[in-house]
Amino acid sequence: MQALPNFLPALPEMFLAASAMALLILGVFQKGPHVAREIAWLGVIVLVAAIALVTGFAGERQVSLYGMFISDGFGVFMSVLVLLGAAFSIVMAIRFNEQEGVARFEYTVLVLLAVTGMLMMIAANDLIALYLGLELQNLALYVIASFQRDRTRSSEAGLKYFVLGALSSGMLLYGASMVYGFAGTTNFDVLARTIDATNGVSIGLVTGIVFVAVGLAFKVSAVPFHMWTPDVYEGAPTPVTAFFSVAPKTAALALFVRVMIYAFGELVDQWQQVIMAISVASMILGALAAINQRNIKRLMAYSSIGHVGYALIGLAAGTPAGVRGILVYMTIYLFMNIGTFTVILCMRRQGRLVEDIGDLAGLARTQPMLAAALGIFMFSLAGIPPLAGFFAKFYIFMAAIDARLFWLAVLGVVTSVVGAYYYVRIVKIMYFDEPAGVFDRGIGRELQAVLLIAAAVVLLFVVFPAPIIGSAEQASATLFPG
Amino acid sequence: MIVQAICFWLFAAITVASGAMVVVARNPVHSVLFLILAFFNAAGLFVLMGAEFLALILVIVYVGAVAVLFLFVVMMLDINFVELREGFLRYLPVGVVIGVVLFVELLLVFGAWVVAPEVAKSIAAPMPQPAEVSNTVALGQLLYTRYVYVFQAAGMILLVAMIGAIVLTLRSREGVRKQSIARQVGRKRSETLEIVKVRPREGV
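Here the structure is a predicted model, which means the values were calculated and not measured.

The rules behind each value
Residues numbered from 1 in each chain as written. Chains lettered and ligands numbered in written order. Predicted model: local features only at pLDDT ≥ 70, side-chain atom pairs only at ≥ 80, totals over all residues. Heavy atoms only, no water. Phe/Tyr/Trp six-rings, centres within 6.5 Å; stacked < 30°, edge-to-face > 60°. Helix = DSSP H or I, 4+ residues; strand = E, 2+ residues; numbered from the N terminus. Buried < 20%, exposed > 50% of the residue type's maximum accessible area, 1.4 Å probe, protein only. pLDDT = per-residue confidence, 0-100. Expected span 1.5 Å × (residues − 1). Bend = angle between axes of the 7 residues up to and from the residue. Contact = heavy atoms within 4.5 Å. Buried area = accessible area lost by both parts, 1.4 Å probe. Salt bridge = Lys/Arg side-chain N within 4 Å of Asp/Glu carboxyl O. Nonpolar A, V, L, I, M, F, W, Y, C, P; charged D, E, K, R; others polar. Core = buried A, V, L, I, M, F, W, Y, C linked by side-chain atoms within 4.5 Å. Axes fitted to C-alpha atoms, helices over the stretch in contact; angles between N-to-C directions. Parallel < 35°, antiparallel > 145°, perpendicular 65-115°, else oblique. Left-handed = near helix turned anticlockwise from the far one by under 90°. Patch = residues over 30% accessible without salt bridge, like charges linked within 9 Å, V, L, I, M, F, W, Y side chains within 5 Å. Areas by Shrake-Rupley, 256 points an atom, 1.4 Å probe, with all protein chains shown as cover. Polar contact = N/O pair within 3.5 Å; in protein donor to acceptor, adjacent residues only side chain to side chain.

K.L.:
How would you sum up the packing of aromatic side chains? Please name residues and give values.
P.N.:
Residue and element names in this part refer to chain A. Inspection of every chain in the model, using the stated rule, returns 19 aromatic pairs over all chains. Seen in terms of ring centroids, F391 and F461 are 5.6 Å apart; in terms of plane orientation they differ by 55°. Their pairing is tilted. Of this pair, F391 sits in helix α16 (residues 388-402) while F461 sits in the loop between α18 (445-460) and α19 (466-477), and the two are 70 residues apart along the sequence. F461 matches F391 in its accessibility class, with the two residues each being buried.

And the structure:
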C-alpha cells in the first residue's frame, strides 16, 4: 500500500480546475439573459483568488507529486503573469462577445481551463507533465480561437492553429522520446544529474533537445516556426488575440527557460547557438515584416514575433541576469499588449469592428484620450524612454552584454530602431492625418479600467521600478540553485 | 514451451496480416472487421506475456466499445475511400524521397547512439516482480498513485475536448416541438376543456 502523494503544492491548479468545472455546471443550469456576463465576473474572481493562492503558498523550492511538479519563485512569478493576462482578457471579452452575438459562458470556462494548463506547464518538472499541461492549454485555445464559429475567418484561425499545433506537439513528443531513450528518465532533476554525470555529448540527446526546442519555439511563435501567428491573430476574435499574445506566450516561454536552463543546463554550449539563431531571426522578421501590414491585428502578430526574439536573448545568455530580463520583459509586454488590444477593441464604426490602420487616421482630434493611450503603448512597444518598454529591452540587452553576446545586443538595438518605424507610423497617422471617421463612443467601464491600469503601469514603471525588478530578481535566482 | 512458441507465431502472424489488411482493404467495413481481428490476436499475445489484465481490457474496451463505435461511424458516414486515395500515387515519389532522407538521417543518429551509463539507476518506475504484485495492482499503483497527477491532467484534457466539441457544433434550433413534461402536467382542465350543454334539436 502506497500513501497518496502530497497534493498541497498543486493547490492553485486544483482550485482552478475545480472552479472551471463548477462554473461549467452553473452556466449550464443558470437561465437568463446575462449568464455569460455573470460567469465571466465569477471567472475573474476565481483568477484573482488563484493569484492569492499562488503568492500565498509561495515558499521554498519544492518538488512534489513524485517529482512531477515543482513550485519555486520563478514559477510563482510566471503564474501570476499568466493569471493577470487571463483576467484582463476575460474582462475585455465581456462586451465584445455580447456585441458580436457570441456571449456564451463557455468562453470563461475554456479560458480557465487553458490557464490551468498554463500553470501546469510552468510547474512542470517532468517531460510527461510538460506535455500534458501543454495539450490542456492548446486544446482550450484551439476552441476559443474559433469561438465566433459563424465567421469563416475565426473558424479558419482555429483550424490552422489546430493543425500546426498538432504538428509542433508531435515534434516535441518525438524529441522527448529521444531524450528518454538516452537518459531513461523524463524527470528534469534526474535528467540534469544524468547529463552532468555523462562525459561527452551524445548525438541522440542533442537531436532530442533540438526537437524539443523546435516544439517549444512553435508555441512561443519564434521564427522560423511563426507561420501560424499572423493568420491566427488576425482571424481569432480580438479579446482572444489579446489573450494569445500574452498568456500562452508567457507560459511557453517559462517552460522554454525551465527546460533549457534547468534540465539541459549542462549542455548550454549545445543549445545556445540554436536559441541565438531563433532569436536573431525573430527580431529581424518582426521588424521587417510588420512594415507593410495594413491590418492592425496582423501588425501586432509580427510585433509579438519580434518581442519573443528579444525575450529569447535573455535565454541565450543563460544567466540569472538573462532570466531576470525575461521576467521583466514579459511583465511589461503583458501590460503594453493588453493596452493596445483594448484600444483595438474600441475601433468600431456603427457597431462594426474595423481593423485597418488607416481607420485610425485623425483619432487624436476625434477621441484624444484613446489616441493618447494608443500613443503611449506604441512608443512603449517601440522601446522609447522613459516608457516601460525601454526598460524591458534595456535589461535584456544588459544581460546579453554581461554574457559577452555583444553582437546579439547590437542586432537587438538595430532591429528595435527599424521596428520603431511602424509603431511611430501609427502615432503619425493618429495625430497628423485627416480624420477618417469617428469611432463609436462609450467603450464601457471595464475597458476604461483595463486601459487605465495598463497605461498607468507603462507610464509609472520609470518611477517605481523596484517592485517588478526586485521580485523578478528573486524569482530568477530560484532557477539557479547553488 | 513448444505450444507457447506455436501460439506466439500464430498470434503474431495473424496480427501483422490483419493489420496490413486494415490498410489495404477496399471496403471500410472490412477494414474495421480486420481491426477487430488484430485486437483479438494482440490480446492473445498479451496473455502469452502474462499481462492478463491488459488482454481483457483490450477485448472489452477496444473490441467491445471502440471498434463497434468505429463500425457504426464507418457505416453511417459512407465515405468513398477510393476517391480519397486518388492523389496517393501522384505524391508517392516525393513522399518516398523525403521518407528515405529522414530514415538515413535517423540511422546516422541512432548509429552513434550512446545510452547514459546512469540509466539503470535512474529508472523512475521499475517493473515489479510478477510473483510479488499482480498485474492489476501494478497497473493501479502506476496509474493512480505514481502518475496520479498526469492521469488527472489527461482527464481534464478529455473534458476540454468534450466542451470544445459541444461549443463548436451545438446549435439550438428554433421552432422545434419538444415535449415539456412540466407543461403537460401543469395543464388545467379549464384551459383545454369546455363543457357545452347541448340541447336536443339545437346543435352547438
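Continuing now.
K.L.:
So, the confidence of the model for chain B: which residues are in play, and what are the values?
P.N.:
Here chain B averages 85 in pLDDT, while 91% of its residues score no lower than 70. Within chain B, the element-level pLDDT minimum falls on helix α6 (residues 119-122) of chain B, averaging 67, and the maximum on helix α1 (residues 2-24) of chain B, averaging 93.

K.L.:
Kindly report on helix α10 (residues 238-263) of chain A, identifying the contributing residues and their values.
P.N.:
Residues and elements named next belong to chain A. With 26 residues, α10 extends 36 Å between its outermost C-alpha atoms, agreeing within 8% with the 38 Å of an ideal straight helix rising 1.5 Å per residue. A bend of about 35° at F244 is the largest found in α10, and the proline P248 appears one to four places after it. Burial analysis of α10 places 26 of its 26 residues in the buried class, which makes it a mostly covered element.

K.L.:
An account of helix α13 (residues 320-345) of chain A is requested, with residue identities and associated values reported.
P.N.:
End to end, α13 of chain A covers 37 Å across 26 residues, agreeing with the expected 38 Å (1.5 Å per residue, within 8%). Of all 26 residues in α13 of chain A, 24 are buried, a share of seventy percent or more.

K.L.:
Break down the interface of chain B and chain A for me, with residues and values.
P.N.:
Facing the 36 residues of chain B at the interface are 45 residues of chain A. The largest contributions to the chain B side of the interface with chain A come from Y149, V160 and V167 of chain B, which together make up 20% of the buried area. For the pair chain B and chain A, the interface holds one salt bridge. Two residues, R171 of chain B and D150 of chain A, come together in a salt bridge whose shortest N-O distance is 3.1 Å. Listed by contribution, the elements that provide at least two residues to the side of chain B that touches chain A are α5 (88-111), α6, α7 (135-146) and α8 (148-169) of chain B. When residues in the side of chain B that touches chain A are grouped by element, the largest group, 16 residues, is from α8 of chain B. Classifying every residue of the side of chain B that touches chain A gives 28 nonpolar, five polar and three charged.

K.L.:
Residues and numbers for the environment of W113 of chain B, please.
P.N.:
Summarising the element assignment, W113 of chain B is placed in the loop between α5 and α6. What W113 of chain B contacts, discounting residues up to four positions off in sequence, is M178, G181, F182 and G204 of chain A.

K.L.:
Which residues make up the pattern of salt bridges, and what values go with them?
P.N.:
All names here are of chain A. Scanning the model with the defined rule gives 18 salt bridges over all chains in all. Two residues, E100 and R348, come together in a salt bridge whose shortest N-O distance is 3.2 Å. Linking E100 in the loop between α3 (73-99) and α4 (106-122) with R348 in strand β3 (residues 348-349), this pair joins segments that are 248 residues apart in sequence. Notably, a salt bridge pairs R365 with E434, separated by 4.0 Å at the nearest N-O pair. Highlighted residues: R365 in helix α14 (residues 363-366) and E434 in the loop between α17 (406-432) and α18, separated in sequence by 69 residues. A single burial state applies to R365 and to E434, both of which are exposed. Here the salt bridges share partners, and the residues they tie into one network are R153, E156, K160, D231, E234, K297, R298 and E355.

K.L.:
Let's hear about the nonpolar core: which residues, and what values?
P.N.:
Within the largest apolar cluster, 208 residues are counted, with the highest numbers of intra-cluster contacts made by F243 and F244 of chain A. Ranked by the residues each element gives to this core, the list is headed by α10 of chain A, at 18 residues. Discounting residues that sit within four places of it in the chain, F244 of chain A has contacts with L141, I144, A145, Y161, V232, Y233, A236 and K249 of chain A. Counting five residues, the second-largest nonpolar core is a separate cluster that includes L35, I36, V63 and A67 of chain B.

K.L.:
Kindly report on the packing of helix α12 (residues 296-317) of chain A against α17 of chain A, identifying the contributing residues and their values.
P.N.:
All names here are of chain A. Where α12 contacts α17, the two axes come as close as 11 Å, and the packing angle between them is 160°. Classed by the angle they form, the pair α12 and α17 counts as roughly antiparallel. Two packed elements cross with a definite hand, and for α12 against α17 that hand is left-handed. Contact residues: I296, L299, S303, H307, Y310, I313 and A316 in α12; L408, G412, T415, S416, Y422, Y423 and I426 in α17. Its residues placed into classes, the contact of α12 with α17 shows nine nonpolar, five polar and no charged.

K.L.:
Talk me through unusual backbone geometry; I want residue IDs and the actual numbers.
P.N.:
Residues and elements named next belong to chain A. For the bond running from V223 to P224, omega is 5°, close enough to zero to count as cis. Following the sequence through the fold, P224 ends up in the loop between α8 (203-219) and α9 (228-235). In this chain, P385 is followed by P386 through a cis amide linkage whose omega measures 5°. In this structure, P386 sits in the loop between α15 (368-382) and α16. The backbone of Y66 shows a phi angle near 55°, a positive value even though the residue is not glycine. As for its placement among the helices and strands, Y66 is situated in the loop between β1 (62-64) and β2 (69-71). One non-glycine residue, R404, adopts positive backbone phi at about 60°. Along the chain, the position of R404 falls in the loop between α16 and α17.

K.L.:
Explain a nonpolar patch on the surface to me, and be specific about the residues and the numbers.
P.N.:
Side chains of F88, L89, L92, V96, V100, V104 and L108 of chain B sit close together on the surface and give an oily, nonpolar patch of about 690 Å² of accessible area. Looking at where F88 of chain B falls in the secondary structure, it is placed in helix α5.

K.L.:
An account of the side chain of T185 of chain A is needed here, citing residue identities and associated values.
P.N.:
Along the chain, the position of T185 of chain A falls in the loop between α6 (152-183) and α7 (188-197). Here N187 of chain A takes part through its backbone nitrogen, which lies 3.1 Å from a polar atom of the side chain of T185 of chain A.

K.L.:
With reference to specific residues and values, describe the confidence of the model for chain A.
P.N.:
Close reading of the predicted structure is inappropriate where its pLDDT is low. Mean pLDDT for chain A: 89, with 99% of residues reaching 70 or above. The weakest mean pLDDT in chain A belongs to strand β4 (residues 352-353) of chain A at 82; the strongest belongs to α4 of chain A at 94.

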